[in-house]
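Listed below, chain by chain, are the residues.
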Amino acid sequence: MRVEGIAPIEAKPGNKGIYMPIGWKQDHIDPCNGVYYPGGFVLNDVESGHTAAIHDIYLRPDGAHAQVEIDGEPQGEQLVATYRLEEFLPNVPTPRPLEGGIGPRHWPFYTSAYLSRTIRDLTGIPLNEGDYLANLDAVVQYVP
């Protein structure tokens, strides 16, 4: 499986995940839809030739929703990841002086039932519902 970024999200070197710098010019809070992250990523199963693109991501109370495309075919908005608010709240005020800001150091996201089923059906990879999927490591920057 290869991970590819959809700008402004970038793939990390060595297929180690994705990275997106946050900032008011990119992500924003939509009062009706949640916290918006533009761009996304593509899971490219080189063996089977199947791809799953996840983009235009919104964080909402029940998890991360995104537009999904399977092999280039739009699937509409889907719940792709869940999280536990209790894992986020204790980390909100974490000072990050070396990064010039404040924010959580570790907020895990877990595979949704939809994403688990879709990846398993396409590739055979046993990505189970509730498996660790990604980590949001946010730093809200400020001018000291």
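The sections below set out a description of the structure shown in this document. From a predicted model like this one, the values you see are computed outputs, not experimental measurements.

Digging into the overall build of the protein chain
Then, in step 1: Helix and strand content of the protein chain: two helices and 13 strands.
Then, in step 2: The 144 residues of the protein chain split such that 38% are buried.
Then, in step 3: Pairs at least 24 apart in sequence give 41% of the contacts found in the protein chain among residues at least 6 apart.
Then, in step 4: Looking at the protein chain as shown, the accessible area adds up to about 8500 Å², and 58% of this sits on carbon and sulfur atoms.

Let's talk about the packing of aromatic side chains
Then, in step 1: The tally for this structure, following the rule as stated, stands at two aromatic pairs.
Then, in step 2: Consider the rings of tyrosine 36 and tyrosine 58, whose centres lie 5.0 Å apart with planes at 45°: the pair is tilted. Here tyrosine 36, found in strand E5 (residues 34–44), pairs with tyrosine 58, found in strand E6 (residues 51–60); they are 22 residues apart in sequence, far enough to count as distant.
Then, in step 3: Given a relative accessible area of 14%, tyrosine 36 falls into the buried group.
Then, in step 4: Its relative accessible area of 15% is what places tyrosine 58 among the buried residues.
Then, in step 5: Note that arginine 84 overlies the ring of tyrosine 110, its terminal NZ or CZ placed 4.1 Å from the centroid.

Points about the environment of leucine 43
Then, in step 1: Within the secondary structure layout, leucine 43 lies in strand E5.
Then, in step 2: Residues leucine 43 and glutamate 4, 39 residues apart in the sequence, show an inter-C-alpha distance of 6.7 Å.
Then, in step 3: Aside from chain neighbours lying at most four places away, what touches leucine 43 is Met1, Arg2, Val3, His50, Thr51, Ala52 and Ile119.

Examining the side chain of serine 112
Then, in step 1: One can find serine 112 in the loop between strand E11 (107–111) and helix H2 (113–123).
Then, in step 2: Apart from residues no more than four positions distant in its own chain, serine 112 is found in contact with Leu79, Val80, Ala81 and Glu129.

Some details on the pattern of salt bridges
Pairs can form between side chains of opposite charge once their charged atoms are near each other.
Then, in step 1: According to the stated counting rule, one finds two salt bridges in the structure shown.
Then, in step 2: Between glutamate 4 and arginine 2 there is a salt bridge whose closest N-O contact spans 2.7 Å.
Then, in step 3: Arginine 2 gets classed as partly exposed once you look at its relative accessible area, which sits at 37%.
Then, in step 4: A salt bridge links glutamate 77 to arginine 60, with the shortest nitrogen-to-oxygen separation between them at 2.7 Å. Linking glutamate 77 in strand E8 (residues 73–83) with arginine 60 in strand E6, this pair joins segments that are 17 residues apart in sequence.

Focus on H2
Residues spaced three or four apart along an α-helix face the same direction, because each turn holds 3.6 residues.
Then, in step 1: Restricting attention to buried positions, one finds in H2 the residues Tyr114, Leu115, Ser116, Thr118, Ile119 and Leu122.
Then, in step 2: Residues of H2 that are buried sit in contact with E5, E6, strand E7 (63–70), E8, E11 and strand E12 (132–136).
Then, in step 3: Remark: glycine 124 follows H2 within two positions and exhibits a positive phi of approximately 85°.

Points about the nonpolar core
Then, in step 1: Counting residues in each nonpolar core, the largest one holds 25 residues, and the members touching the most others are Leu59, Ala64, Val80 and Phe109.
Then, in step 2: Looking at this core, the elements that each hand over two or more residues are E5, E6, E7, E8, E11 and H2.
Then, in step 3: If we skip the residues at most four places from it in the chain, leucine 59 touches Asn33, Gly34, Val35, Tyr37, Ala64, Trp107, Phe109 and Leu136.

With respect to the side chain of asparagine 44
Then, in step 1: Position of asparagine 44 relative to the elements: it lies in strand E5.
Then, in step 2: Setting aside residues no more than four positions away along its own chain, asparagine 44 makes contact with Met1, Arg2, Glu4, His50 and Thr51.

Conventions and cut-offs
- Residues numbered from 1 in each chain as written.
- Predicted model: local features only at pLDDT ≥ 70, side-chain atom pairs only at ≥ 80, totals over all residues.
- Heavy atoms only, no water.
- Helix = DSSP H or I, 4+ residues; strand = E, 2+ residues; numbered from the N terminus.
- Buried < 20%, exposed > 50% of the residue type's maximum accessible area, 1.4 Å probe, protein only.
- Contact = heavy atoms within 4.5 Å.
- Areas by Shrake-Rupley, 256 points an atom, 1.4 Å probe, with all protein chains shown as cover.
- Phe/Tyr/Trp six-rings, centres within 6.5 Å; stacked < 30°, edge-to-face > 60°.
- Lys NZ or Arg CZ within 6 Å of the ring centre and 35° of its normal.
- Salt bridge = Lys/Arg side-chain N within 4 Å of Asp/Glu carboxyl O.
- Core = buried A, V, L, I, M, F, W, Y, C linked by side-chain atoms within 4.5 Å.

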